[in-house]
Amino acid sequence: MMNAPDCQLYLISPLETGGSFPDRLDRALAAGDGLATAFQFRVKDVDQHEAARLAAPLQEICAARDVGFIVNDSVPLAKRLKADGVHLGQSDGLVADAREELGREIQIGITCHASRHFAMEAGEAGADYVAFGSFFPSPTKDSEHRPEPEILEWWSALFEIPCVAIGGITPDNCKPLVKAGADFLAVSHAVWGGDEAKAVAAFARAIQN
């Protein structure tokens, strides 16, 4: 999933993933002519059993559409689900430990905020992608880190490991991040806050034009 050309969408789930959300995910993935190639399952304050129950239909949808299914924060849950990847924050453990626990095939991504040092450390430790942000104020997750698009240019010029831009990204503001070299745009509220199919289609137009 990390070998797709140009800039792709990396969808991040809302915290509520029950109810009609599986249908919404399927609609979003169907839109944009395959633009969304990764999906991060992000839930809070539920036990692993409940998380696995919520994840099951979403994981099936992702598998059917050849979309990488990434678990946020939890190596144990990623292992239980046999997920395609895990995304770790700076306080969620080491890449080496996650690799030992999950194996060589799983994708491991690391939050690097606005830090070139964190990103280089992650790359040296064997991360499969690094995530920078929040580039814009986000209604989904507060962050005091506010990198400039230049960090994407710097990373893309020096390293082959893909980079993900995250934080308040919309079809209206994403173009500078695409031009700077983002391999993926991680988006949540911009898609799930309205009509998900229309939002993905709008991202497709913004990225391609």
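In this report, we go over the structure that sits alongside the text. (Residues numbered from 1 in each chain as written. Predicted model: local features only at pLDDT ≥ 70, side-chain atom pairs only at ≥ 80, totals over all residues. Heavy atoms only, no water.)

Turning next to the pattern of salt bridges. One pass over the structure, following the stated rule, counts 8 salt bridges. Residue Glu196 pairs with Arg24 through a salt bridge whose shortest N-O separation is 2.7 Å. You can see Glu196 sitting in helix α9 (residues 196-208) and its partner Arg24 sitting in helix α1 (residues 21-30), a full 172 residues away along the chain. Taking relative accessible area as the criterion, Glu196 reaches 4% and is therefore assigned buried. Its salt-bridge partner being Asp128, residue Arg99 comes within 2.9 Å of it at the nearest N-O pair. (Salt bridge = Lys/Arg side-chain N within 4 Å of Asp/Glu carboxyl O. Helix = DSSP H or I, 4+ residues; strand = E, 2+ residues; numbered from the N terminus. Buried < 20%, exposed > 50% of the residue type's maximum accessible area, 1.4 Å probe, protein only.)

This next bit is on the pairing of strand β7 (residues 163-166). Of the pairings in the sheet, the one linking strand β6 (residues 129-133) to β7 comprises 4 bridges and is parallel in character. Bridging across to β7, Val130 finds its partner in Cys163. The sheet contact formed by β7 and strand β8 (residues 184-187) spans 3 bridges and is parallel. The residue of β8 that forms the bridge with Ile166 is Ala186. One crossover worth recording links β7 to the parallel β8 by way of helix α7 (residues 175-180), and it is right-handed. (Pairing = 2+ DSSP bridges. Right-handed = clockwise from strand over helix to strand, strands pointing away.)

What follows is about the nonpolar core. Within the largest apolar cluster, 66 residues are counted, with the highest numbers of intra-cluster contacts made by Leu11, Phe132 and Leu185. Beyond its immediate chain neighbours, meaning those up to four positions away, Leu185 contacts Cys7, Gln8, Leu9, Tyr10, Ala165, Ile169, Cys174, Leu177, Val178, Phe203 and Ile207. By size, the runner-up hydrophobic cluster in this structure holds 9 residues, among which are Tyr10, Ile12, Val164 and Ala186. (Core = buried A, V, L, I, M, F, W, Y, C linked by side-chain atoms within 4.5 Å. Contact = heavy atoms within 4.5 Å.)

Turning to the packing of α1 against α9, a few remarks are in order. At their nearest, the axes of α1 and α9 sit 8 Å apart, and the two run at 25° to each other. As the angle between them shows, α1 and α9 are arranged roughly parallel. Of the two possible hands of crossing, α1 and α9 adopt the one that is right-handed. Residues Arg24, Arg27 and Ala28 of α1 lie in contact with α9, whose contacting residues are Glu196, Ala197 and Val200. Classifying every residue of the contact of α1 with α9 by side-chain character gives 3 nonpolar, no polar and 3 charged. (Axes fitted to C-alpha atoms, helices over the stretch in contact; angles between N-to-C directions. Parallel < 35°, antiparallel > 145°, perpendicular 65-115°, else oblique. Left-handed = near helix turned anticlockwise from the far one by under 90°. Nonpolar A, V, L, I, M, F, W, Y, C, P; charged D, E, K, R; others polar.)

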